[in-house]
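# Structural features, examined
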Amino acid sequence: MANYTEDQLAQDLKNQEYKFGFTTDIKSDKAPKGLTEDIIKLISSKKQEPEWLLQNRLKAFKIWKSMENPNWAHVKFTEPKFQDISYYAAPKQSKKYESWEDVEPEMKETMKKLGISLEEQKRITGTNVAVDFVMDSVSVATSFQSKLKELGIIFCSFSEAVKEHPNLVKRYMGSVVPPSDNFYAALNSAVFTDGSFCYIPKGVKCPMELSTYFRINEGETGQFERTLVIADEDSYVSYLEGCTAPQRDENQLHAAVVELIAMENAEIKYSTVQNWYPGDKNGLGGIFNFVTKRGLCEKNSKISWTQVETGSAVTWKYPSCILKGDNSIGEFYSVAVTNNFQQADTGTKMIHLGKNTKSTIISKGISAGKSNNSYRGLVQIHKNAKNARNFSQCDSLLMSDECGAHTFPYIECKNKNAKIEHEATTSKIGEDQIFYCLQRGITEEKAISLIVNGYCKEILNKLPMEFAVEAQKLLTISLEGSVG
Amino acid sequence: MIEIKNLHAKIEGKEILKGLSLNVNKGEIHAIMGPNGSGKSTFASILAGKEEYDVTNGSIVFCGEDLLELSTEERAWAGLFLAFQYPIEIPGVSNINFLKTAINEKREKNGHEPITAKDYMNLVREKSKLVELNAKLTSRSVNEGFSGGEKKRNEIFQMAMLNPKLSILDETDSGLDIDALRIVANGVNKLKNENNATIVITHYQRLLDYIVPDFVHVLMDGRIVKSGDKDLALKLEKNGYDWIKKENDI
Ligand SMILES: Nc1ncnc2c1ncn2[C@@H]1O[C@H](COP(=O)(O)OP(=O)(O)OP(=O)(O)O)[C@@H](O)[C@H]1O
Ligand SMILES: [Mg+2]
């Protein structure tokens with residue numbers, strides 16, 4: 001795989017500007033700005049939701065009103081004006097597409113620019129990637145449904161799941177991330193508009209990567225996506241989430257909630273490439289990305305989070321695992337890149353409750369420009385977690401003299417049999433390395449891209465192939481012109 | 001091939017090269033010897049285009065071009081290669097991808113298509129045989145975890161892959177065991193032809209038994225203070241550098 005990816009780098013990418021900075025002109029149906037009970041009722045009724053869901057939303061809204069915006073993260077930003085956001089937008093023609101041919105040309109164009117058109121996916125990768133395309137808040141294109149259906153796999157938009165599988169949604173939604181968990185989780189629980197839902201039945205190994213591409217398309221539209229993945233006993237699923245956003249000046253808020261449930265012997269691989277608009281060279285604009293992601297592991301199950309984060313003006317994100325069942329495994333592999341004025345405070349929480357639980361954390365931070373990149377990780381070993389093991393490795397790579405890298409590891413251990421290892425390194429990209437490349441006839445931009453991708457290889461190797469390629473490109477784009 | 005005239009260079013205010021002149025023609029092998037700290041590696045780095053050094057005087061013409069006007073990568077594209085005294089490690093980047101990138105960058109500059117995977121793999125096979133480089137090393141990260149000798153051998157492998165006009169080997173022999181020395185020297189000899197040239201920097205005349213130089217130069221006090229044929233190397237081996245110092249009032 002590595003061969004393929006570095007090769008790719010040698011070819012593409014000359015453009016320094018944000019590659020995906022464009023807006024699609026599709027008429028949209030938008031709620032008035034602001035957040036009140038009435039707006040929540042409007043969202044709920046527009047989506048023809050059952051009463052219990054409306055009540056959940058209103059409860060979450062009450063909780064949210066009583067909470068404060070958290071300020072413990074190592075980031076500085078102006079608090080979003082929550083009353084200035086429109087909480088619902090749906091493309092005017094929100095009918096379901098019967099087939100690929102039915103999708104509007106504009107939509108296809110957008111997907112093409114993103115490099116994710118279905119044709120292309122099928123052609124280039126030759127792999128089966130089921131895409132649930134989320135444009136703004138309503139899913140507009142879904143594929144591979146029939147094949148998944150045969151296996152009893154449910155992969156659909158969240159709204160559809162509410163209609164078609166209310167019992168599953170009702171039972172599991174909020175079971176891993178309750179509304180009271182944090183400020184943004186509460187907000188999301190009150191106003192989420194759509195997202196993805198996935199259920200893998202007992203004993204089924206999902207034969208294809210399930211992939212959802214998120215995209216903010218509407219100015220001043222808050223994005224509150226909700227994802228729920230349930231892997232029933234003995235099942236397996238690899239889930240991909242990727243996103244890009246159009247360039248614009250005012251800050252946009254993105255506060256998603258992702259919940260994963262791995263039942264006995266199940267395995268969930270959740271991969272993310274995050275490339276929201278990071279703001280321009282002067283720190284103007286960009287997405288605020290405040291995400292709550294958490295997975296629950298039952299006995300002998302495994303959850304792996306892999307993420308490549310290159311975008312957003314401010315990122316605040318800690319994909320976590322609750323290792324409840326004995327012998328369960330949690331993994332977190334992360335590359336976070338910040339450039340210019342970007343700020344990222346990311347990491348993970350590994351909560352060891354069961355016996356013989358194991359967790360691995362590998363975090364690679366890359367900071368360039370005047371950016372700030374922090375790793376924040378919690379390893380918590382509870383009293384009954386006999387023989388729990390954790391290995392953490394946090395590496396930071398500095399590309400300039402003005403950027404910052406910070407590591408905040410927290411360890412709470414209540415069991416004497418537990419074994420916890422932590423390693424951390426900080427290095428600066430070597431002038432000697434660059435000179436060596438230059439001497440061989442490799443230009444500086446390419447040299448940096450090679451060195452950085454080499455540095456992240458361990459993480460990139462965890463990604464499915466087609467994502468790894470995309471991720472390498474993003475690393476290159478986001479670091480272009482960053483050494484000097 | 002290369003014509004260096006009265007080269008003066010400084011680093012951090014300290015003058016290291018003080019009027020170095022040297023002429024190398026196509027098809028020739030030149031050896032440069034000299035005491036530790038006399039400026040041999042500095043000279044090699046300046047030829048390669050390391051920016052930290054200030055060239056304060058003198059000129060370098062390489063294949064008809066003003067070398068000092070070219071950037072480091074342009075010099076590489078023009079056919080200049082430096083085998084580093086201390087090769088650099090690049091973790092996570094495999095040797096073969098590193099070299100493929102290097103080859104394709106040059107091809108792109110010359111308006112050629114990237115090399116095909118098949119041609120490339122054939123090239124790798126052919127050239128790794130030349131320096132008897134273990135196939136495993138070609139796919140490992142550039143120099144990472146290589147032994148001292150393996151790193152040196154890898155430099156010659158890279159040289160073979162990039163097919164330069166002028167190669168500067170900075171103490172490629174130090175750290176090599178006797179067999180490796182012979183293998184590396186054989187590699188260099190096989191790569192030699194009437195259109196390229198080699199500058200070998202070394203402390204040991206032993207290497208020159210294998211790579212027979214047309215000229216041997218002594219670099220001391222920032223200049224070439226003595227030149228001769230390979231007998232000069234034998235004489236240095238026997239008598240050291242003191243007599244040359246005396247001759248030159250250093
Ligand atoms: N970056 C630098 N800063 C300060 N002094 C330097 C620097 N680079 C080289 N020098 C000095 O320049 C002189 C020449 O160094 P150089 O490495 O060229 O010697 P050399 O002839 O290659 O020695 P050796 O045989 O030990 O490899 C030395 O005195 C060295 O300390
Ligand atoms: Mg030296």
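The sections below set out a description of the structure shown in this document. (Residues numbered from 1 in each chain as written. Chains lettered and ligands numbered in written order. Predicted model: local features only at pLDDT ≥ 70, side-chain atom pairs only at ≥ 80, totals over all residues. Heavy atoms only, no water.)

This part takes up the overall build of chain B. When helices and strands are counted, chain B shows 10 helices and 12 strands. A globule of 250 residues ought to have a C-alpha radius of gyration of about 18 Å, and chain B, at 18 Å, matches this closely. In terms of its C-alpha atoms, chain B occupies a principal-axis envelope of roughly 60 × 40 × 35 Å. Looking at chain B residue by residue over its 250 residues, the buried ones come to 55%. Restricting to contacts in chain B with at least 6 residues of sequence separation, those with at least 24 account for 69%. On chain B, roughly 11200 Å² of surface is accessible, and the fraction owed to carbon and sulfur atoms is 45%. Separation of charge centres in chain B, based on 33 positive and 37 negative side chains, amounts to 4 Å. (Helix = DSSP H or I, 4+ residues; strand = E, 2+ residues; numbered from the N terminus. Rg over C-alpha atoms; globule rule 2.2 N^0.38 Å. Buried < 20%, exposed > 50% of the residue type's maximum accessible area, 1.4 Å probe, protein only. Contact = heavy atoms within 4.5 Å. Areas by Shrake-Rupley, 256 points an atom, 1.4 Å probe, with all protein chains shown as cover. Lys, Arg positive; Asp, Glu negative; His and termini not counted. Charge placed at Lys NZ, Arg CZ, Asp CG, Glu CD.)

A tally of helices and strands in chain A yields 13 helices and 23 strands. For chain A, the accessible area works out to roughly 18300 Å², and carbon and sulfur atoms hold 48% of it.

We now examine the interface of chain B and chain A. Of the residues lining the interface, 33 residues belong to chain B; the matching set on chain A comes to 24 residues. Between the two partners, chain B and chain A, sit three salt bridges. Between K446 of chain A and E105 of chain B there is a salt bridge, with its nearest N and O atoms 3.1 Å apart. The tally of links from chain B across to chain A stands at 13 residue pairs in polar contact (both at pLDDT 80 or more). Elements represented by at least two residues in the side of chain B that touches chain A include exactly α1 (40-48), α2 (72-78), β6 (80-83), β7 (90-94), α3 (95-109) and α6 (148-162) of chain B. Among the elements that line the side of chain B that touches chain A, the one with the most residues is α3 of chain B, at seven residues. Of the residues contributing to the side of chain B that touches chain A, the split by class is 16 nonpolar, nine polar and eight charged. (Salt bridge = Lys/Arg side-chain N within 4 Å of Asp/Glu carboxyl O. Polar contact = N/O pair within 3.5 Å; in protein donor to acceptor, adjacent residues only side chain to side chain. Nonpolar A, V, L, I, M, F, W, Y, C, P; charged D, E, K, R; others polar.)

Turning to the sheet that holds strand β10 (residues 197-201) of chain B, a few remarks are in order. Residues and elements named next belong to chain B. Pairing within the open sheet is mixed, and its six strands lie in the order β6-β9-β10-β3-β11-β12. This sheet does not close on itself; its edge strands, each paired only once, are β6 and β12 (223-228). The mean angle between the axes of side-by-side strands here comes to 20°, regardless of whether they run parallel or antiparallel. Here four bridges tie strand β3 (residues 29-33) to β10, and the two strands are oriented parallel to one another. Residue pairing across strands places A31 opposite V200, the latter belonging to β10. Across the sheet, helix α9 (residues 230-239) is in contact with β3, β11 (215-220) and β12; its angle to β11 comes to roughly 45°. (Pairing = 2+ DSSP bridges. Axes fitted to C-alpha atoms, helices over the stretch in contact; angles between N-to-C directions.)

This brings us to the site of ligand 1. Residues and elements named next belong to chain B. Taken together, 16 residues are adjacent to ligand 1, and I16, K40, S41, T42 and H203 come closest. Take S41: an N or O atom from its side chain is 2.8 Å from an oxygen atom of ligand 1. At 3.4 Å, a side-chain N or O of Y53 approaches a nitrogen atom of ligand 1. Relative to its unbound accessible area of 640 Å², ligand 1 is 67% covered by the protein chains. Secondary-structure elements contributing two or more residues to the shell around ligand 1 are β2 (14-24) and α1. A per-class count over the shell around ligand 1 returns four nonpolar, eight polar and four charged. (Near = heavy atom within 4 Å.)

All names here are of chain A. Burial runs high along strand β6 (residues 194-200): seven of the seven residues are buried. Across four bridges, the pairing between strand β5 (residues 154-157) and β6 is antiparallel. In the sheet register, S157 faces β6, and the bridge partner there is S196.

Turning next to the layout of surface pockets. Size it by volume and the largest pocket reaches roughly 600 Å³. Along the walls of the largest pocket sit 26 residues, with E431, L438 and E444 of chain A together with E51 and E52 of chain B positioned nearest its centre. Only α10 (431-439) of chain A together with β4 (54-62) and α2 of chain B provide two or more residues apiece to the lining of the largest pocket. Broken down by element, the residue count for the lining of the largest pocket peaks at four residues, all from α10 of chain A. Of the residues assigned to the lining of the largest pocket, the class counts are 11 nonpolar, five polar and 10 charged. (1 Å grid on protein atoms, 1.4 Å probe; cavity = no way out; pocket = protein on both sides within 12 Å on 5 of 7 lines; lining within 4 Å. Points joined across faces, edges and corners; volume = space filled by probe spheres on them.)

The next point concerns the sheet that holds β4 of chain B. Residue and element names in this part refer to chain B. Strand order in the open sheet formed by four strands is β2-β1-β4-β5, and the pairing between neighbours is antiparallel. Strand pairing shows two members of the sheet lacking a second neighbour, β2 and β5 (65-66), which therefore form its edges. Pairing of β4 with β5 involves two bridges; the strand directions are antiparallel. The partner of F62 across the bridge, within β5, is E65.

Here we come to the coordination of the magnesium ion (ligand 2). All names here are of chain B. Protein ligation of the magnesium ion (ligand 2) involves S41 (OG) and Q85 (OE1), the donor distances falling in the range 1.9 to 2.2 Å. With S41 in helix α1 and Q85 in the loop between β6 and β7, the pair connects residues that are 44 residues apart, well separated along the chain. A residue is classified by how much of its surface remains accessible, and Q85, at 16% relative accessible area, is buried. (Donors = N, O, S within 2.8 Å, 3.2 Å for Na, K, Ca; no water.)

A separate point is the environment of E309 of chain A. All names here are of chain A. The residue E309 is located in strand β14 (residues 302-309) in this model. What makes E309 buried here is its relative accessible area of 3%. Separated by 27 residues in sequence, E309 and A336 have C-alpha atoms that sit 4.6 Å apart.

Residue and element names in this part refer to chain A. By the definition in use, this model includes 18 aromatic pairs over all chains. Taking 6.5 Å as the distance between ring centres and 45° as the angle between the ring planes, the aromatic pair formed by F82 and Y184 counts as tilted. Separated by 102 residues along the polypeptide, F82 in the loop between α3 (51-65) and β2 (89-91) and Y184 in helix α9 (residues 183-191) bring together distant segments of the chain. With respect to burial, F82 and Y184 carry one shared label: buried. (Phe/Tyr/Trp six-rings, centres within 6.5 Å; stacked < 30°, edge-to-face > 60°.)

To continue, consider the nonpolar core. Residues I366 of chain A together with F43 and F98 of chain B are the most contacted members of the largest nonpolar core, which totals 102 residues. Apart from the residues lying within four places of it in its own chain, the contact partners of F98 of chain B are Y436, C437, R440, I442 and L450 of chain A together with I90, V93, V142 and Q158 of chain B. By size, the runner-up hydrophobic cluster in this structure holds 52 residues, among which are W64, I154, Y172 and V314 of chain A. (Core = buried A, V, L, I, M, F, W, Y, C linked by side-chain atoms within 4.5 Å.)

The next point concerns the pairing of strand β8 (residues 225-231) of chain A. All names here are of chain A. When you tally the buried positions in β8, you get seven out of seven residues, the bulk of the element. Burial along β8 is two-sided: E225, T227, V229 and A231 and R226, L228 and I230, pointing in opposite directions, are all buried. As paired elements, β6 and β8 share seven bridges and run parallel to each other. Bridged to Y199 within β8 is I230. Sheet analysis places β8 next to strand β11 (residues 257-262), joined by six bridges and oriented parallel. Bridge pairing in β11 places A231 opposite A262.

So yeah, pure geometry; function would need other evidence.
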